[in-house]
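# A look at the structure
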Amino acid sequence: QVTLVESGGGSVQAGGSLRLSCAASGSIAEIRTMGWYRQAPEKQRELVATITSGGATNYADSSKGRFTISRDNAEKTVYLQMNSLKPEDTAVYYCNADIRPRYYSRTVNYWGRGTQVTVSS
């Protein structure tokens with residue numbers, strides 16, 4: 001059983017910062033790309049940022065310059081540092097990862113349950 005658990009969400013005023021964390025646990029052989037997605041009310045889930053096991057990053061245009069994704073491979077954890085937050089960043093933020101469980105020959109895509117981020121003006 002593999003799980004992703006997010007933490008660090010909350011409420012903040014515009015211009016503030018939050019740091020999200022997502023820890024993977026369970027019977028894991030390998031973690032490849034990890035990332036963050038978000039879903040605002042009545043909108044589709046969208047990419048925020050991803051990071052490969054080697055550290056290569058990819059950001060949505062809305063995240064560039066304000067958000068930073070990083071990971072600690074030893075701790076099986078991915079982080080999202082969010083600065084200069086705007087009301088339009090309000091959403092449920094989901095962790096996502098491509099993980100090869102132990103004794104599996106291929107990766108499986110996993111999602112966390114999400115953490116709410118609310119930015120007030």
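Before reading on, note that the structure itself is shown above.
In short, a report on the structure. (Residues numbered from 1 in each chain as written. Predicted model: local features only at pLDDT ≥ 70, side-chain atom pairs only at ≥ 80, totals over all residues. Heavy atoms only, no water.)

## Details of the packing of aromatic side chains
The way to describe two aromatic rings as a pair is by their centre distance and the angle between their planes. Stated formally: Side-chain rings of Phe, Tyr and Trp, where Trp is taken by its six-membered ring, are said to pair if the distance between their centres is within 6.5 Å; with planes under 30 degrees apart they count as stacked, over 60 as edge-to-face, and otherwise as tilted. Only DSSP runs of H or I reaching four residues or more are called helices, and only runs of E reaching two or more are called strands; each is numbered from the N terminus. Sitting over a ring, as applied to charges here, requires NZ of Lys or CZ of Arg to be within 6 Å of the ring centre and within 35 degrees of the ring normal.
For the structure shown, the criterion picks out two aromatic pairs. Seen in terms of ring centroids, Tyr 37 and Trp 111 are 5.1 Å apart; in terms of plane orientation they differ by 65°. Their pairing is edge-to-face. Of this pair, Tyr 37 sits in strand β4 (residues 28–39) while Trp 111 sits in strand β10 (residues 108–111), and the two are 74 residues apart along the sequence. Geometrically, the ring pair formed by Tyr 94 and Trp 111 is edge-to-face, given 6.5 Å between the ring centres and 85° between the ring planes. Of this pair, Tyr 94 sits in strand β9 (residues 91–101) while Trp 111 sits in strand β10, and the two are 17 residues apart along the sequence. Through a chain of ring-to-ring contacts, three or more aromatic side chains come together here, namely Tyr 37, Tyr 94 and Trp 111. Looking at Arg 19, its charged tip hangs above the ring of Tyr 79, at a distance of 4.1 Å from the centre.

## Here we look at the state of the cysteines
In plain terms, the rule: Only a pair of cysteine sulfur atoms within 2.5 Å counts as a disulfide in this structure description. We call a residue buried when its accessible area falls under 20% of the maximum for its residue type, exposed when it is over 50%, and partly exposed in between, using a 1.4 Å probe and counting protein chains only.
Scanning the entire structure with this criterion turns up one disulfide. Each sulfur of the disulfide joining Cys 22 and Cys 95 lies 2.0 Å from the other. Disulfide Cys 22-Cys 95: torsion about the S-S bond near -80°, hence left-handed. Of this pair, Cys 22 sits in strand β3 (residues 18–26) while Cys 95 sits in strand β9, placing them 73 residues apart in sequence. Assigned by exposure class, Cys 22 and Cys 95 land together as buried.

## A short note on the nonpolar core
To be explicit about the condition: Nonpolar cores were defined as sets of buried Ala, Val, Leu, Ile, Met, Phe, Trp, Tyr and Cys residues, with membership established by side-chain atoms within 4.5 Å. Residues count as neighbours in contact if any of their non-hydrogen atoms are within 4.5 Å of one another.
Counting residues in each nonpolar core, the largest one holds 30 residues, and the members touching the most others are Trp 36, Leu 80, Met 82, Tyr 93 and Ile 99. Only β1 (2–7), β3, β4, β5 (46–51), β7 (67–72), β8 (77–82), β9 and β11 (115–120) provide two or more residues apiece to this core. If one sorts the elements of this core by residue count, β9 sits on top with five residues. Setting aside chain neighbours within four positions, we find Tyr 93 in contact with Glu 6, Leu 20, Trp 36, Tyr 37, Arg 38, Val 48, Phe 67, Leu 80, Met 82, Gly 114, Thr 115 and Val 117.

## Describing the environment of Val 108
With respect to the element layout, Val 108 can be found in strand β10. Residues Val 108 and Ser 120, spaced twelve residues apart in sequence, show a C-alpha to C-alpha distance of 36 Å. Sequence-distant contacts of Val 108, that is, excluding residues within four places in its chain, are made with Ala 97, Asp 98, Ile 99 and Pro 101.

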